[in-house]
Every structure is written in C-alpha cells, then in structure tokens.
Amino acid sequence: MLKCPNCASKDIGKIGINQYYCWNCFIELSVGKGIINTHQVEEDGTLSSLDDLFEEELRRYTL
Ligand SMILES: [Zn+2]
C-alpha cells in the first residue's frame, strides 16, 4: 500500500506511469525500485526533490 512519506495519507491519486499525487499535502510521488521519490511542484511548474527531507526508511514501500 502506497502512502505519502510526508503526511502518511493514503489519499494518493495516480497521475501517470509510476507517478502519484498526494491530495492531502499536494506533493508528487514517483516510485521505482521499491523507493518512493518525492517532489514538490513549484509555482513555475518545475519539480524540486524533497527526498532529502525523508529517511530512506520512510520512502521504502512494498506492494
Ligand atoms: Zn501527503
């Protein structure tokens, strides 16, 4: 079960292949190799990584 590393919400919407969006805290998640990568969408539309904010332990997921 995918859950948001930031807010632990399970209110996650799929927006693309291996790409998800947290409707609770509005960050974008992409998954690969068992790790969730987190991104924030900036006002100009670019993505900045939030991975530094989360321990790898928190970003690990199992299907
Ligand atoms: Zn969230």
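A brief report on the enclosed structure follows.

Analysis parameters
Starting afresh in each chain, residues are numbered from 1 along the sequence in its written order. A pLDDT threshold of at least 70 governs which residues receive local features in this predicted model, and a stricter bar of 80 or more applies before side-chain atom pairs are shown or counted, although totals over entire chains, interfaces and linings include all residues. Where helices and strands are cited, they refer to DSSP runs of H or I of at least four residues and of E of at least two residues respectively, numbered from the N terminus. We compute the radius of gyration over the C-alpha atoms and compare it with the globule rule, which gives 2.2 Å times the number of residues raised to the power 0.38. When DSSP finds at least two bridges between two strands, those strands are taken to pair. The angle between two axes is taken between their N-to-C directions and runs from 0 to 180 degrees, where each axis is a line fitted to C-alpha atoms and a helix contributes only its stretch in contact. As a rule, residues whose C-beta atom has 12 or fewer other C-beta atoms within 10 Å are exposed, those with 20 or more are buried, and those in between are partly exposed; C-beta atoms are placed from the backbone.

## Notes on the overall build of the chain
Along the chain, the regular secondary structure elements total one helix and five strands. For the chain, the succession of helices and strands along the chain, N to C, is β-β-β-β-β-α. Compactness check: the chain gives a C-alpha radius of gyration of 11 Å against a globular reference of 11 Å for 63 residues, within 12% of the reference. Dimensions of the chain, computed from the C-alpha atoms along their principal axes, are close to 35 × 25 × 20 Å.

## Focus: the sheet that holds strand β4 (residues 35–41)
Read across the sheet, five strands follow the order β1-β2-β3-β4-β5 without closing on themselves; strand pairing throughout is antiparallel. The sheet terminates laterally at β1 (12–16) and β5 (47–49), the two strands that pair on one side only. On average, each strand axis in the sheet is inclined to that of its neighbour by 35 degrees, with strand direction left out of account. Relative to β4, strand β3 (residues 28–32) is paired through five bridges, and the arrangement is antiparallel. Bridge assignment links Val31 to a residue of β4, and that residue is Ile36.

## Examining the pairing of β3
Across three bridges, strand β2 (residues 19–22) lies against β3 in antiparallel orientation. Across the sheet, the residue bridging to Tyr21 is Glu28, located in β3. Counting the residues that bridge the hairpin from β2 to β3 gives five residues, and of these Phe26 lies at a positive phi of roughly 60 degrees. Connecting the antiparallel pair β3 and β4 is a turn made up of two residues, with Lys33 showing a positive phi of about 55 degrees.

## Some thoughts on unusual backbone geometry
In this structure, Ala8 is a non-glycine residue whose phi angle is positive, near 65 degrees. As for its placement among the helices and strands, Ala8 is situated in the segment before β1. Taking the number of C-beta atoms within 10 Å as the measure of exposure, Ala8 has 11 and is therefore exposed. Not every positive phi belongs to a glycine, and Phe26 is a case in point at roughly 60 degrees. Positionally, Phe26 belongs in the loop between β2 and β3.

These results come straight from atomic positions and should not be treated as a statement about function.
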